[in-house]
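# Geometric and topological summary
One-letter residues, chain by chain:
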Amino acid sequence: MSKVKENDTVKVHYTGKLVDGRVFDSSLEREPLEVELGKGQLIPGFENGLMDMEVNEKKTIKIEKHEAYGEVNENLFQKVSKSQLPPDLKPEVGMGLVGSNPEGAEQQFRIAKVEADDIILDGNHPLAGQDLVFDLELLEIL
């Protein structure tokens, strides 16, 4: 039976959970993930977890934050005046916003804190600073 190796293209079903068991993503109710390994499309821990799996094999892996989305970077927090928001927007903690830099590139933010005149935006990935658990099922090596 062949095993997953670097640069293979695979189809895999997964369920991603936080260490407390809360599910943050799953492919079970949709098409499986099809991805070519070695292209930087997956977090390192997920890709490493697929290595040496055989078709129809199932396993659970734990991915430390440094192999997932890294530590929370305090430099990615910024204070923005509420006056810069659209007038009809009522900012709430956890709300997602999209901003653009002077060059026009878009970046996603989450509102981390709402103050009287300002909001604090967080530009970190929502799963930064978290260890993750994935249930994997390898469906196919293409």
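You'll find the structure just up there.
Residues numbered from 1 in each chain as written. Predicted model: local features only at pLDDT ≥ 70, side-chain atom pairs only at ≥ 80, totals over all residues. Heavy atoms only, no water.

### Description of the packing of aromatic side chains
Here the structure, examined in full by the defined rule, presents four aromatic pairs. Among the aromatic residues, those joined into a ring-pair cluster are Tyr-14, Phe-24, Phe-46 and Phe-134. (Phe/Tyr/Trp six-rings, centres within 6.5 Å; stacked < 30°, edge-to-face > 60°.)

### Quick word on the sheet that holds strand S8 (residues 118-122)
Remark on secondary structure: sheet strands pair via backbone hydrogen bonds, oriented parallel or antiparallel. Reading across from one edge, S5-S8-S7-S6 is the order of the four strands in this open sheet, with antiparallel pairing throughout. Edge positions in the sheet fall to strand S5 (77-81) and strand S6 (96-100), since each has one partner strand and no second. When strand polarity is set aside, the average angle formed by the axes of neighbouring strands in this sheet is 45°. Two strands pair when backbone bridges link them, and S5 and S8 are joined in this way by five bridges, in the antiparallel orientation. In the strand pairing of S8, Lys-79 is matched with Ile-120. (Pairing = 2+ DSSP bridges. Helix = DSSP H or I, 4+ residues; strand = E, 2+ residues; numbered from the N terminus. Axes fitted to C-alpha atoms, helices over the stretch in contact; angles between N-to-C directions.)

### As for the pattern of salt bridges
Tallied over the entire structure, the rule returns 10 salt bridges. With a closest N to O distance of 3.0 Å, Asp-25 and Arg-30 form a salt bridge. Given the relative accessible area of 28%, Asp-25 is considered partly exposed. The exposure class of Arg-30 is partly exposed, given its relative accessible area of 43%. Residue Glu-36 is joined to Lys-39 by a salt bridge in which the shortest nitrogen-to-oxygen separation is 3.7 Å. The partly exposed category is assigned to Glu-36, whose relative accessible area is 32%. Among the residues examined, Lys-39 registers a relative accessible area of 52% and is labelled exposed. Counted as one network, the salt bridges with shared partners bring together Lys-79, Lys-113 and Glu-115. (Salt bridge = Lys/Arg side-chain N within 4 Å of Asp/Glu carboxyl O. Buried < 20%, exposed > 50% of the residue type's maximum accessible area, 1.4 Å probe, protein only.)

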